[in-house]
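# Summary of structural features
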Amino acid sequence: MSPQAAAAVFTPRSLAALTEVADVAPLPVLSDLSTPRATEVLADAEILVTGWGCPKLDADVLARAPRLEAVVHAAGSVRGHVTDACWERGIAVSSAAAANALPVAEYTLAMILLHGKHVLERARDFRAARARDNWLLTTGHVGNYRRTVGILSASLVGRRVIELLKPFDFEVLLHDPYVSPAEAAELGVTWVELPELFTRSDVLSVHAPLLPATRGLVSRSLLDALREDAVLINTARGAVVDQDALTDAVRAGRIRAVLDVTDPEVLPPEHPLWDCPNALITPHLAGSQGSEWERLADTAVAEVARFAAGDGFAHPVRRERLAFLA
């Protein structure tokens, strides 16, 4: 991984925990696998603990790692570095994607509740007026009681959001082509077709991975189907949503948007969404940051311990599931 990723994710405590379950190659971390030192380390490595900035583990790298049995990724997606050569060699792969999903789901829940109360807009008006409005005149558009939340994709994040919503008085709808209505019922939600998800939702939260089949999935027609003053939350990938169509809907004042990701990321300085008061744009901060990075390290250490004990991974990445994963 990159030195910056190593310094952020692996604290002295987590590094000490790792040394208790494995013989760890001396620091610094490997960020370039073509160096003589990398060749020396790879020759003995049985497990690679990887992170953001890991170079591709291609056939050349694997040829210099004859003892390698597993890759434990202390981050989310493994698409950037785990290659076909890894799968063909039968190398076991684990990811901390489940751990990284937790803060994304927490952020999503916070945005659902805050935007249900129109907190950002009302705080802005309060600051400008320096006087409280008549709270008895708030309309039925304000509040979180008996609102409908639509979840697009029962991904790791989507499923955690569903769990977090259970204590609240929401009706929760789900669309995921790989989840049956019966499976959705087991999750405590109602499965609906994609157009219905948009026509019925007060809040539409996007959790679909970016794949060829999902690029532009949230189309202009679906955005046009959202009810007036609905909120679209995207913590997945910007390109899942038609950016131009979303911009038009937000600029028209028809819907509100919470965008932790955009297309492109970052939007150009002159992009009109920057100036839209009904759009909240955050710098891809929903995922693990700060203290939350330590959870990724803890997950990786636990996976190394399980593998060393012969128990297999708790969070394996399967090659046959790659078509559905971010």
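Residues numbered from 1 in each chain as written. Predicted model: local features only at pLDDT ≥ 70, side-chain atom pairs only at ≥ 80, totals over all residues. Heavy atoms only, no water.

- An unreviewed UniProt entry lists the protein chain under the name Hydroxyacid dehydrogenase, with Streptomyces tabacisoli as the source organism.
- Of the comments in the UniProt record for the protein chain, the one headed Sequence similarities (unreviewed entry) reads "Belongs to the D-isomer specific 2-hydroxyacid dehydrogenase family." (UniProt positions renumbered as here; feature names shortened; annotations may be inferred.)

### Quick word on the UniProt feature "domain: D-isomer specific 2-hydroxyacid dehydrogenase catalytic" (unreviewed entry) in the protein chain
- The UniProt record annotates "domain: D-isomer specific 2-hydroxyacid dehydrogenase catalytic" (unreviewed entry) at residues 30–317.
- Counted over residues 30–317, helix gives 37% and strand 14%. Its end C-alpha atoms are 23 Å apart. (Helix = DSSP H or I, 4+ residues; strand = E, 2+ residues; numbered from the N terminus.)

### Section: the environment of Ala 302
- By the element assignment, Ala 302 lies in helix 13 (residues 293–308).
- Overall, the relative accessible area of 39% leaves Ala 302 in the partly exposed class. (Buried < 20%, exposed > 50% of the residue type's maximum accessible area, 1.4 Å probe, protein only.)

### A word on the pairing of strand 3 (residues 92–95)
- Pairing geometry for strand 2 (residues 70–73) and strand 3, over four bridges, is parallel. Bridging across to strand 3, His 73 finds its partner in Ser 95.
- Between the parallel pair strand 2 and strand 3, the chain is carried across by helix 5 (residues 84–89), and the sense of this crossover is right-handed. (Pairing = 2+ DSSP bridges. Right-handed = clockwise from strand over helix to strand, strands pointing away.)

### Brief notes about the pattern of salt bridges
- Going through the model one piece at a time under the given rule, you end up with 14 salt bridges.
- One salt bridge connects Glu 46 with Arg 67, and the closest N-O pair in it is separated by 3.5 Å. One end of the pair, Glu 46, is in the loop between helix 3 (36–44) and strand 1 (47–50); the other, Arg 67, is in the loop between helix 4 (59–63) and strand 2, and 21 residues separate them in sequence.
- With relative accessibility at 39%, the residue Glu 46 sits in the partly exposed group.
- The partly exposed category is assigned to Arg 67, whose relative accessible area is 40%. (Salt bridge = Lys/Arg side-chain N within 4 Å of Asp/Glu carboxyl O.)

### Some words on the packing of aromatic side chains
- One pass over the structure, following the stated rule, counts two aromatic pairs.
- Pairing Phe 168 with Phe 170 gives two aromatic rings, centres 6.1 Å apart and planes at 45°, and the pair type is tilted.
- For Phe 168, a relative accessible area of 32% gives the class partly exposed.
- By relative accessible area, which is 12% here, Phe 170 ends up buried.
- Look at Phe 307 and Phe 313: their rings are 5.1 Å apart centre to centre, the planes differ by 25°, and that puts the pair in the stacked class.
- Judged by relative accessible area, which is 22%, Phe 307 ranks as partly exposed. (Phe/Tyr/Trp six-rings, centres within 6.5 Å; stacked < 30°, edge-to-face > 60°.)

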